[in-house]
Amino acid sequence: MNFLGRIAAAPGGGAGLAILGLLALAAFSAHAFFPGDPLRIAGPALVPPFSSGDFPLGTDRLGRDVLACLMHGAGISLLVGIAAAAAAILLGVAVGAVSGFAGGFIDECLMRVVETFQIVPGFLLALAFASVFGASLPVIILAIALAAWAEPARLTRAEVLSIREQDYVASARALGMHPLEIAFKEILPNALAPVLALAALMVAGAILTEAALSFLGLGDPNVVTWGSMIAEGRNVIRSAPWLSILPGLALMLTVLGVYLFSEGLSHALRARP
Amino acid sequence: MSVPLATIRNLSVAYDGETALNGLSFDIPKGGRLAIIGESGSGKSSFARALSGLLPANAALSGEIGWPGFEDRQPQAGRDLCLVLQDPATSLDPVMTIGRQVAEGARAHLGLAWPQAMAQAENLLARVRLPELQRLMHAFPHQLSGGQRQRVAIAAALASRPRLLIADEITSALDMVTQAEIVTLLRDLTRDSAMTLVFITHDIALASTLCDRCAVFHRGRLVEIGPMAEVLARPGDAYTATLIGAHIDLASPRLIEHFQEKWEPVFRPEMRQGKESGGER
Amino acid sequence: MSEPLLRVSGLSKTFASGGRRVLAVSDVSFDLPRGRTLGLVGASGSGKSTLARLVLRLIAPDAGAVHFQGRDWLSLRGIRLRQARAKMQMVFQDPASAFNPRATAESALADALRIHAIVPPEDRDAEIERLMDRVGLWPALRVRPVGALSGGQRQRLAIARALATRPKLIVLDEALSALDLGIRRQILDLLVSLQRGEGLSYLFISHDLAVVRAIAHRIAVMDAGHIVEQGETETVTGAPQTSITKALIAAVPRLIT
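I will try to describe carefully the structure that is included in this document.

Definitions and limits used
- Residues numbered from 1 in each chain as written.
- Chains lettered and ligands numbered in written order.
- Predicted model: local features only at pLDDT ≥ 70, side-chain atom pairs only at ≥ 80, totals over all residues.
- Heavy atoms only, no water.
- Helix = DSSP H or I, 4+ residues; strand = E, 2+ residues; numbered from the N terminus.
- Rg over C-alpha atoms; globule rule 2.2 N^0.38 Å.
- Buried < 20%, exposed > 50% of the residue type's maximum accessible area, 1.4 Å probe, protein only.
- Contact = heavy atoms within 4.5 Å.
- Lys, Arg positive; Asp, Glu negative; His and termini not counted.
- Charge placed at Lys NZ, Arg CZ, Asp CG, Glu CD.
- Pairing = 2+ DSSP bridges.
- Axes fitted to C-alpha atoms, helices over the stretch in contact; angles between N-to-C directions.
- Buried area = accessible area lost by both parts, 1.4 Å probe.
- Salt bridge = Lys/Arg side-chain N within 4 Å of Asp/Glu carboxyl O.
- Polar contact = N/O pair within 3.5 Å; in protein donor to acceptor, adjacent residues only side chain to side chain.
- Nonpolar A, V, L, I, M, F, W, Y, C, P; charged D, E, K, R; others polar.
- Phe/Tyr/Trp six-rings, centres within 6.5 Å; stacked < 30°, edge-to-face > 60°.
- Core = buried A, V, L, I, M, F, W, Y, C linked by side-chain atoms within 4.5 Å.
- Parallel < 35°, antiparallel > 145°, perpendicular 65-115°, else oblique.
- Left-handed = near helix turned anticlockwise from the far one by under 90°.
- Expected span 1.5 Å × (residues − 1).

Here we come to the overall build of chain C. Secondary structure summary: chain C contains 9 helices and 10 strands in total. For 257 residues, the compact-globule formula gives about 18 Å, and the C-alpha radius of gyration of chain C, at 18 Å, lands near that figure. Within the span of chain C, comprising 257 residues, buried residues form 59% of the whole. At a minimum sequence separation of 6, the contacts of chain C that also span at least 24 residues come to 64%. Of the side-chain charges in chain C, 34 are positive and 24 negative, and the distance between the mean point of each set is 3 Å.

The structure is reproduced here in structure tokens:
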């Protein structure tokens, strides 16, 4: 709680927390407010926003409730974003840490692999992966993670290499601490702080990648996502622009919230007494 | 005494509400070498920054610094007064050669063209007694030792012919031999010049080898000021006496009792031979 | 006493730096008996710190031998080395970087006690208190993050951590150089009283000959990786034989009254 307090106290951190809290609330309460499949036809088509008490944000051209779709979509966006970022961080930290600790030949090999992933544009990689293995949520999460793990790997390796040379690691060695304990207690926790600050930004990136994949029709067709809503709205953008604008705004707000949160997070991680 | 260089009246500095300097009032005479002596937390670095007008944005300054020595105008840092810091690595540009670095000041403040400025830089680097000038002029800061970098920082400070040089703990990152060399250099540079030196240090003995006046700071306050010899001989404050008492030099009593059993010196002939055969390779 | 606590013979180390080979420590030999202090002085870059790290086995030497407590110190491996390290501890110059940024005073000492099972777990609290008391840290500082301690307090804590494993030898690498004069004096007094009480030996490394003279029984002067002069403290400071030592003596500031 103390840590959340420090994030909230950081400039922008409070706003970020509030936005993310709101989104989480929307995602969790979606089933309570709008039970059933949000993709079912709920009423007349193309009801404009703020014109009907039943459909506060209107309906799309198949008569689906836009607010229900947005709230259900919030859950998917956050799930994909967090899961993909977590998977990328996990993979990246593991590879980076092994690379940094092992050094020598293993380090060389792993870093060449990382560079291979870095020179391929992440989005193309995710696109190719999703189109080969089919569009389902786990595949999309994995595809986004594959596109994003290289940066945390490099960062973890660099941190491990620099912390290894610190006096306190030398102290731990002179104290007779076991090498594994030095790795897990002295080095890794301190190497992770900047990686964690990066994690929040990666969530924002993953949400955008997911939206882009859905927009291109490579999202999971069985769930509603903001990207697919924007793609859907594109067909009627002249007559019903709100169908594209509303999910677009939701996306923007989410990324802003995640970004502010990450600023607050890195501030809080830095400001350790 | 004639017109002082600077008059400090009731000067206080606080950072975000925390007081660093509290109600200082004294004069800095023209010429001569003034030591500011204080330990960590004494406010001596805040004083250096306040004097050179380089306090950070979150510092609140109250009181007055008057500059009768500059005809009452505000002296410009980098031209009329120069500040040299403990770590020259932070004040030297890492991607600029030593020669250009020093010439820059002469060019900007004395209005010299580049060729003359470079010649001037070479003179200055010779004055701070750097060796191998031709090579050094084209070297970068990271290729120099700590003591050499500090000499470059002093040369760069002298380039604009300032009337006041403020040296803030400039020897505390150096070893003793280099420290002694830098102090000798400062002594020679200020001996026949109108330039005033404010030498800030935690080491009262070091200050005593260089300065003629001395001000002792403690927890943001001025506890004592006077001619160096007088302060040392008759400290007017208990804190100054503590500082003098904590000093250790080669005449101080040793802290260990004289031991009885003799400690055999290392002499192992078999090792000597081993070394020589190893040294041939 | 026949066998010294620490015997260093012909220790050498060369670093490769940017294609150049730098001889950091070259054929260094000395003895350090129990309960004594060897002062190691020299300018920066003379190889003092490398020598300390070689003796502590933080880096491996190219050649030479180290005998510690009568054992071949360089041949120890794995668990046997880690256990033996309890008897040789070190205090660094910069106490700010010598502790994990996440450590508290208590956790730093608890680690040392736990690794070497110095006291049973139930007595650990009392032992931490005793150690802090020994170096003059009051109990309220136990839970402080190390970053919230003053420089002098941190250095006391570093000494307490070094003492925790009941060592025979403490290597002090410029341990007092970053401290104010008053605190430096207090820590010197502390070191001397610990030596008297426990028969500790110190390898005391500093560029300040005056401080070394005050605490060391013998002095070795280093320059460019070599020990150029070695002898009784009074002899070295009173009748220096080399220009290096003379320069170090001349560099000590004297109070000019």
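Next comes the rest of the account.
Our next topic: the environment of Gly66(B). Inspection of the secondary structure puts Gly66(B) in strand β4 (residues 59-66). Setting aside chain neighbours within four positions, we find Gly66(B) in contact with Leu5(B), Ala6(B) and Thr7(B).

Turning to the sheet that holds strand β3 (residues 33-37) of chain B, a few remarks are in order. Residue and element names in this part refer to chain B. The strand order β5-β6-β7-β3-β8-β9 describes an open sheet built from 6 strands, whose pairing is mixed. Edge strands, defined here as strands with exactly one partner in the open sheet, are β5 (81-84) and β9 (221-227). Mean inter-strand twist for the sheet, computed between neighbouring axes without regard to direction, equals 15°. Note: β5 against strand β6 (residues 164-168), 4 bridges, orientation parallel. Its bridge partner being in β6, Leu81 is matched across the sheet by Leu164. Together, β3, β5, β6, β7 (196-201) and β8 (213-218) form the strand contacts of helix α1 (residues 44-51), whose direction differs from that of β6 by roughly 155°.

Let us now look at the interface of chain B and chain C. Each partner contributes to the interface: chain B provides 39 residues, whereas chain C provides 52 residues. Both sides together, the interface formed by chain B and chain C hides about 4,200 Å², and carbon and sulfur atoms give 63% of it. Where chain B meets chain C, there are 1 salt bridge. Our count for the chain B to chain C interface comes out at 11 residue pairs in polar contact (both at pLDDT 80 or more). Secondary structure elements with two or more residues in the side of chain B that touches chain C: α7 (176-191), α8 (204-208), α10 (238-246) and α11 (269-280) of chain B. For the side of chain B that touches chain C, the residue count by class is 20 nonpolar, 8 polar and 11 charged.

Residues and elements named next belong to chain B. All chains considered together, the criterion is met by 7 aromatic pairs over all chains. Judged by centre distance (5.6 Å) and plane angle (35°), the rings of Phe26 and Phe47 are tilted. Placement of Phe26 in strand β2 (residues 18-28) and of Phe47 in helix α1 is noted, with a sequence separation of 21 residues between them. Accessibility assignment for this pair places Phe26 and Phe47 in one class, buried. Here Trp67 and Phe70 contribute two aromatic rings whose centre-to-centre distance is 5.6 Å and whose plane-to-plane angle is 70°, an arrangement assigned as edge-to-face. According to the relative accessible area criterion, Phe70 is buried, its value standing at 0%.

Most often, soluble globular proteins have nonpolar side chains that are buried together. Counting residues in hydrophobic clusters, the biggest one holds 96 residues, and the most contacted among them are Leu6(C), Phe30(C), Leu51(C), Trp73(C), Ile159(C), Leu169(C) and Phe204(C). Ranked by residue count, the leading element in this core is helix α5 (residues 151-164) of chain C, at 7 residues. Setting aside residues no more than four positions away along its own chain, Leu51(C) makes contact with Leu11(C), Val25(C), Val28(C), Phe30(C), Leu40(C) and Met222(C). Within the second largest apolar cluster, 52 residues are counted, among which are Ile37(B), Leu125(B), Ala155(B) and Ala157(B).

Let's shift gears to the sheet that holds strand β5 (residues 71-72) of chain C. All names here are of chain C. Taken together, the 4 strands give an open sheet; going across it, the order is β2-β1-β4-β5, and neighbouring strands pair in antiparallel fashion. Among the strands making up the open sheet, the edge pair consists of β2 (20-32) and β5. Bridge count for strand β4 (residues 63-68) against β5 is 2 bridges, and the pairing is antiparallel. The partner of His67 across the bridge, within β5, is Asp72. Contacts between helix α1 (residues 48-55) and the sheet are confined to β1 (6-17) and β2, with β1 contributing the most and set at about 120° to the helix.

Okay, the packing of helix α5 (residues 122-133) of chain A against helix α9 (residues 179-215) of chain A next. Residues and elements named next belong to chain A. Packing of α5 against α9 leaves a shortest axis separation of 11 Å and a crossing angle of 50°. Relative to α9, α5 is oriented oblique. In this structure, α5 crosses over α9, and the sense of that crossing is right-handed. Together, Phe123, Ala126 and Leu127 of α5 and Thr209, Ala212 and Leu213 of α9 make up the contact between the two elements. For the contact of α5 with α9, the per-class residue count stands at 5 nonpolar, 1 polar and no charged.

Moving on, we come to α5(C). All names here are of chain C. With 14 residues, α5 extends 20 Å from end C-alpha to end C-alpha; this agrees with the ideal 20 Å at 1.5 Å per step. With respect to burial, α5 is a largely interior element, 13 of its 14 residues being buried. Count one or two residues on from α5 and you reach Arg166, which has phi positive near 55°.

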